[in-house]
Amino acid sequence: MISAFWRRWLLPFTILPLLPATLVNLFAGREWALLGCVLGMALPMAATWLMRRGRAGDAQFAAVAMGAAAALVTFLGAEAGPVASLLLGIGAWGGTSLLYSGIAEAPPPPPPPEPLPPGPLDDARARLVAVIETARRVAEPRLVPVAVAIGVVLDEFERRPERLAEARRFLGVNLDGLERIAGRLSAGAEAPPGLPSLLRDMEEAARDLRTRLRDQESAALAVQVKVLGDRLRQEGFG
């Protein structure tokens, strides 16, 4: 009994008799016969690829390809009539179907997962990336630390979706202002003397806000721990 592994490699050997016929038809200038030989080699190779892939339905597609190859070689290459070509094609299809009827096929791959919906702060992150790219383009690296500090604050706000309104107010002042500065510099404006001080203030404000947010969460956790501890003692579990 031929194993499934070796059965997958039988199809390429069916083209061996066509190799000398292809050369003969090529040098003899028999274009239709040459086309039949070429198709008779291409279709079995396609069938081989299908069987190597091994997905559901590939065995039937490979059988159809082998039947078509036999019919075309007979009709174009051997110049046989349509009846003989059809009979040989049906025979090749049936033989291939029987040969591969016992081979297990892999299920089709699952569809790709749907993309996640955009988050409420994704647009702000894209704007920060654009600001950093502009800063590199105009050789103004002092904008980058401010953009990074704002991005860190966005990370804190993403953990607290209930505070999105506060996040939008923060972005309306800091990110909008940073975008306007980057846009003016990109348009060719010269940096005024007060720009470094302003950028330091914006970076410090972002850091202070991040610290304040974390301190608030730490304080809320401390209160919860105290309340839970008191509850456990009251219930007699502590």
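Residues numbered from 1 in each chain as written. Predicted model: local features only at pLDDT ≥ 70, side-chain atom pairs only at ≥ 80, totals over all residues. Heavy atoms only, no water.

(A) Spatial organisation of the nonpolar core. Among the nonpolar cores identified, the biggest contains 29 residues, and L143, F157, F170, L171, L178 and L199 are the most heavily contacted of them. Taken together, the elements giving at least two residues each to this core come down to α6 (122-137), α7 (143-158), α8 (164-186) and α9 (195-235). When residues in this core are grouped by element, the largest group, nine residues, is from α8. Setting aside chain neighbours within four positions, we find F170 in contact with I150, V153, F157, L175, A206 and L209. (Core = buried A, V, L, I, M, F, W, Y, C linked by side-chain atoms within 4.5 Å. Buried < 20%, exposed > 50% of the residue type's maximum accessible area, 1.4 Å probe, protein only. Helix = DSSP H or I, 4+ residues; strand = E, 2+ residues; numbered from the N terminus. Contact = heavy atoms within 4.5 Å.)

(B) Summary view of the side chain of R160. Mapped onto the secondary structure, R160 falls in the loop between α7 and α8. A distance of 2.6 Å separates a polar atom in the side chain of R160 from the backbone oxygen of E156. Not counting chain neighbours up to four residues away, the residues in contact with R160 comprise L213, R214 and E217. (Polar contact = N/O pair within 3.5 Å; in protein donor to acceptor, adjacent residues only side chain to side chain.)

(C) Representation of unusual backbone geometry in the model. In this structure, A139 takes a positive phi of about 55° despite not being glycine. Counting through the fold element by element, A139 comes out in the loop between α6 and α7.

(D) Local environment of the pattern of salt bridges. For the coordinates displayed, the defined rule picks out 14 salt bridges. Between D155 and R125 there is a salt bridge, and its shortest N-O distance comes to 2.5 Å. Placement of the pair is D155 in helix α7 and R125 in helix α6, with a sequence separation of 30 residues. Judged by relative accessible area, D155 falls into the partly exposed class, the value being 29%. Take R125: its relative accessible area is 24%, and that puts it in the partly exposed class. What emerges from the salt-bridge pattern is a single network uniting E156, R159, R160, R210, R214 and E217. (Salt bridge = Lys/Arg side-chain N within 4 Å of Asp/Glu carboxyl O.)

(E) How the structure looks around the packing of aromatic side chains. The tally for this structure, following the rule as stated, stands at one aromatic pair. On the numbers, 6.4 Å between centres and 45° between planes, the contact of F157 with F170 is tilted. Pair noted here: F157 is in helix α7 and F170 is in helix α8, with a separation of 13 residues, a long-range link. F170 shares its class with F157; the two are buried. (Phe/Tyr/Trp six-rings, centres within 6.5 Å; stacked < 30°, edge-to-face > 60°.)

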